[in-house]
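Each chain, letter by letter, is given below.
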Amino acid sequence: MLQEANPLPALELRKGKSIATSAVLFFIIFIGIMIREKYKEGLGTDQVIFLILFIAVGIFTLIHSFDKSPDVIINQEGIRNRKHHFPFSPLILMSWNDIQYFFLREIEEEYGSTFYIMIRERETEKDRKLTLSGYDSSAETILSLIRQYAEKHNIHELDKQTS
């Protein structure tokens, strides 16, 4: 079997977690100290519900901080990304043969623009959204690699859409 002379590289993307995790854990400790002071006077129903929610968020954040697996993988097979944002959730493969076309989408907001790649699946004709920000690689690097694979697999890129 012949191998390609210059195979395209693979890219594993991970979301930055350290600052967000530290901030959430600090905030939970701060709230815990405040509730402890209130506990001397007795906890009401609202405070118990608030405490339970903060404990749940703390546990979720702590578990999320230990998840070192990639959020997205772009390679010869296709694009694997998480269907859910839960820690340790599996990656779902969208092979290059399953992609009909893709386009860059910019959503303008008060504080700036957010860029996504919208990928149209061939069979279901549904669009899947891949965020381009927050990863340990730049949006330009991600988009460039997807364009290289798209060219190789004859997948068309439509014009950028703004909303």
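Residues numbered from 1 in each chain as written. Predicted model: local features only at pLDDT ≥ 70, side-chain atom pairs only at ≥ 80, totals over all residues. Heavy atoms only, no water.

(A) Up close: unusual backbone geometry. Even without glycine at this site, Glu-125 takes up a positive phi of about 55°. Looking at the secondary structure, you find Glu-125 in the loop between strand S6 (112-121) and strand S7 (127-131). Backbone geometry places Asn-154, a non-glycine residue, at a positive phi of 60°. Considering the arrangement of structural elements, one finds Asn-154 in the loop between helix H3 (139-152) and strand S8 (156-162). (Helix = DSSP H or I, 4+ residues; strand = E, 2+ residues; numbered from the N terminus.)

(B) The arrangement of the pairing of strand S3 (residues 78-82) in detail. Across the five residues of S3, four count as buried, placing the element largely inside the fold. Pairing of strand S2 (residues 72-74) with S3, which is carried by three bridges, proceeds in the antiparallel orientation. Bridge pairing links Ile-73 to Arg-80 in S3. Connecting the antiparallel pair S2 and S3 is a turn made up of three residues. Where S3 and strand S4 (residues 91-95) come together, five bridges link them in antiparallel fashion. Its bridge partner lying in S4, Ile-79 is registered against Met-94. (Buried < 20%, exposed > 50% of the residue type's maximum accessible area, 1.4 Å probe, protein only. Pairing = 2+ DSSP bridges.)

(C) Inspection of the pairing of strand S5 (residues 99-109) at higher detail. Note: S5 against S6, 10 bridges, orientation antiparallel. Pairing of Phe-103 across the sheet is with Met-118, part of S6. Hairpin connection of S5 to S6: two residues between the antiparallel strands.

From the geometry alone we can't say anything about function, so treat these as descriptive.
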